[in-house]
Amino acid sequence: LVLAFCGIIAFYYASNVHGLDNGVALTPPMGWLSWERYRCIIDCKNNPNSCISQKLYMDMADVLIKDGYRDVGYQFVNIDDCWAEKKRDKNGRLVPDKERFPKGIKFLADYMHKRGLKLGIYGDFGTKTCGGYPGSEFHLKTDAETFASWNVDSLKLDGCNSNTSDYKIGYPAMGHYLNKTGRPIVYSCSWPAYINPSKANYSIISKSCNLWRNYGDIQDSWDSVLSIIDFYGNKNKVLSAAQGPGRWNDPDQLIIGDFSLSYEQSKSQFALWSIFGAPLLMSNDLRKIPEWAKDILQNKEVIAVNQDKLGLMGERIVYKKNNYEVWMKNLSDVTTAVVLFNRNVQGTPQVLSVDYSMLGWTHKVAMVKDLFANKLLGKYDNHFSHPVNVDGVVMVKLTPA
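Residues numbered from 1 in each chain as written. Predicted model: local features only at pLDDT ≥ 70, side-chain atom pairs only at ≥ 80, totals over all residues. Heavy atoms only, no water.

Student: If you had to explain the overall build of the protein to someone new, which residues and values would you point to?
Tutor: Each helix and strand counted, the protein has twelve helices and 16 strands in total. Its C-alpha atoms give the protein a radius of gyration of 21 Å, within 12% of the compact-globule value 21 Å for 401 residues. In terms of its C-alpha atoms, the protein occupies a principal-axis envelope of roughly 70 × 50 × 35 Å. Relative to its 401 residues, the protein shows a buried fraction of 56%. Surface exposure of the protein reaches about 16,300 Å², of which carbon and sulfur atoms provide 51%. Charged side chains in the protein number 46 positive and 41 negative. The centres of these two groups are separated by 3 Å. (Helix = DSSP H or I, 4+ residues; strand = E, 2+ residues; numbered from the N terminus. Rg over C-alpha atoms; globule rule 2.2 N^0.38 Å. Buried < 20%, exposed > 50% of the residue type's maximum accessible area, 1.4 Å probe, protein only. Areas by Shrake-Rupley, 256 points an atom, 1.4 Å probe, with all protein chains shown as cover. Lys, Arg positive; Asp, Glu negative; His and termini not counted. Charge placed at Lys NZ, Arg CZ, Asp CG, Glu CD.)

Here it is as structure tokens:
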């Protein structure tokens with residue numbers, strides 16, 4: 001084992017190849033991921049429609065196409081933990097669970113590709129995954145080659161059951177081995193999430209990974225969403241500096257259409273994740289999603305802000321604790337997206353405002369478009385103000401006029 005790890009070190013220092021050299025994820029990845037909604041449900045007898053199985057991922061792929069998600073940019077169908085057998089095969093390779101994935105992972109990848117979609121897979125840098133399945137420690141090269149042979153398009157490498165002191169070598173090493181396969185694979189690292197996220201060296205991480213989780217797992221609750229928004233606001237400068245085409249901060253999954261978020265809260269998560277320039281990875285039951293949630297998730301105007309080719313992370317320019325926030329993001333068409341976010345829970349909408357000088361503008365007049373309503377609101381001089389519902393947002397695009 002010592003020799004194997006020394007080999008990883010040698011490869012790392014001998015190579016100039018980093019994850020960002022792979023030419024993928026030039027805009028934030030969009031798709032569906034199983035973890036938040038389906039966790040590690042493996043009892044298919046009692047949970048045939050919600051267990052981690054090839055059926056679940058095929059079902060979600062079919063809905064992505066049938067209900068129009070693919071057409072607005074959602075491409076990835078991502079497997080998370082608990083897909084594998086508990087032991088590797090005699091050649092040391094990972095094996096999908098024979099009962100739940102009887103046709104194998106390559107079958108699923110081919111299923112996605114024939115439908116214009118992409119398949120993501122899950123691994124773990126440690127000895128075991130978070131769910132207790134085989135990890136990739138001392139198997140990085142083998143696992144990279146296995147994933148490539150299955151024609152997967154994305155890898156999420158978690159960090160359970162691992163030594164965090166090995167991350168600065170191990171995570172870049174996996175990126176190196178993925179690149180060596182010759183297959184373009186989006187590489188998602190959980191590196192900063194397992195160390196102190198606020199002390200992570202993002203200049204190094206962003207050279208090794210296409211996206212990185214840097215906060216705890218999102219839960220199906222508004223408080224969980226707010227805690228992530230606070231982290232991204234409080235660490236805005238350091239996170240912004242690391243982000244750009246091919247390298248993205250990942251605040252975790254969209255829980256719109258699950259059990260807890262209201263309509264207004266759902267709009268808020270979608271607006272802020274888009275302003276962040278975050279991956280838009282849904283974790284919900286697309287087969288049963290409410291129509292209003294589908295409308296939010298397929299809003300082309302808001303998605304365009306997320307997918308803007310500059311790849312900037314939005315900036316929080318106003319923060320009044322437990323009251324309201326204002327976020328902005330400059331776009332490639334020389335316009336500015338703005339989110340007015342009402343965090344006051346006293347039960348009535350409040351009028352929020354943004355002064356154009358706060359945006360760094362010298363322009364005094366702006367044409368304003370409401371992005372969720374896809375409606376021009378008209379010209380506004382010097383500032384824009386609008387009532388915002390409790391827990392809600394107004395998201396607009398400002399064009400100098």
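Next comes the rest of the account.
Student: Residue-level account of the sheet that holds strand β8 (residues 280-282), with values.
Tutor: The strand order across the open sheet built from eight strands is β7-β6-β5-β4-β3-β2-β1-β8, with neighbouring strands paired in parallel fashion. Edge positions in the open sheet fall to β7 (248-250) and β8, since each of these has one partner strand only. Averaged over all pairs of adjacent strands, the angle between strand axes in this sheet comes to 25°, irrespective of strand direction. The sheet contact formed by strand β6 (residues 211-213) and β7 spans three bridges and is parallel. For R213, the partnering residue across the bridge sits in β7 and is D250. This element, helix α3 (residues 54-66), spans β1 (30-33), β2 (76-78) and β8 of the sheet and lies at about 160° to β2. (Pairing = 2+ DSSP bridges. Axes fitted to C-alpha atoms, helices over the stretch in contact; angles between N-to-C directions. Contact = heavy atoms within 4.5 Å.)

Student: For empty space enclosed by the protein, give the residues involved together with the corresponding values.
Tutor: Overall, the coordinates contain three cavities of 30 Å³ or more when judged by the stated rule. The computed volume of the largest cavity comes to approximately 160 Å³. Along its surface, the largest cavity is lined by 17 residues, and N78, K156, S188, L211 and L281 are the ones closest to its centre. Mapped by element, the contributors of at least two residues to the lining of the largest cavity are β2, β3 (118-124), β4 (154-158), β5 (186-189) and β6. A class-by-class count of the residues in the lining of the largest cavity yields eight nonpolar, five polar and four charged. (1 Å grid on protein atoms, 1.4 Å probe; cavity = no way out; pocket = protein on both sides within 12 Å on 5 of 7 lines; lining within 4 Å. Points joined across faces, edges and corners; volume = space filled by probe spheres on them. Nonpolar A, V, L, I, M, F, W, Y, C, P; charged D, E, K, R; others polar.)

Student: I'd love a proper account of the packing of helix α5 (residues 140-149) against helix α6 (residues 167-180), names of residues and values included.
Tutor: In the contact formed by α5 and α6, the axes pass within 9 Å of each other and the chain directions differ by 40°. When the axis of α5 is compared with that of α6, the two are oblique. Seen from above, α5 lies across α6 with right-handed handedness. Every residue of α6 that contacts α5 at L140, K141, D143 and A144 is listed here: G170, A173, M174, Y177 and L178. Across the contact of α5 with α6, the residue classes tally to six nonpolar, one polar and two charged. (Parallel < 35°, antiparallel > 145°, perpendicular 65-115°, else oblique. Left-handed = near helix turned anticlockwise from the far one by under 90°.)

Student: Please provide a residue-by-residue account of the pairing of strand β9 (residues 315-320), values included.
Tutor: Bridge analysis of β9 against strand β10 (residues 324-330) gives five bridges, and the strand direction is antiparallel. Across the sheet, the residue bridging to K320 is Y324, located in β10. If you look at the hairpin formed by β9 and β10, you'll find three residues sitting between the two strands, and N322 has a positive phi there, around 60°.

Student: Let's hear about the sheet that holds strand β16 (residues 393-400): which residues, and what values?
Tutor: As a general point, the strands of a sheet are linked pairwise by backbone hydrogen bonds and lie either parallel or antiparallel. Taking strand neighbours across the sheet as the criterion, the six strands line up as β9-β10-β11-β16-β13-β14 in an open arrangement whose pairing is antiparallel. Pairing within the sheet leaves two strands with one partner each, and these edge strands are β9 and β14 (375-381). Sheet twist, expressed as the average angle between the axes of neighbouring strands with direction ignored, equals 25°. On the sheet, helix α8 (residues 222-234) packs against β9, β10 and β11 (336-342) and is oriented at approximately 60° with respect to β10. Relative to β16, helix α10 (residues 263-276) is tilted by about 40°, and along the sheet it contacts β10, β11 and β16.

Student: Account for α3, with residues named and values stated.
Tutor: A rise of 1.5 Å per residue sets the reference length of α3, with its 13 residues, at 18 Å; its end C-alpha atoms lie 18 Å apart and thus fit the reference within 8%. Among the residues of α3, Q54, L56, Y57, M58, D59, M60, A61, V63 and L64 are the ones counted as buried. Residues of α3 that are buried make contact with β1, α2 (35-38), β2, α4 (104-114) and β8. Immediately beyond the C-terminal end of α3, within one or two residues, lies G68, with a positive phi of roughly 90°. (Expected span 1.5 Å × (residues − 1).)

Student: Would you mind going over the layout of surface pockets in detail, with residue names and values included?
Tutor: A probe matching the size of a water molecule, rolled over the atoms, marks out where space remains unfilled. By volume, the largest pocket is sized at about 220 Å³. Surrounding the largest pocket, 16 residues form its lining, A25, Q75, F76, K118 and V186 being those nearest its centre. Split into classes, the residues belonging to the lining of the largest pocket amount to nine nonpolar, five polar and two charged.

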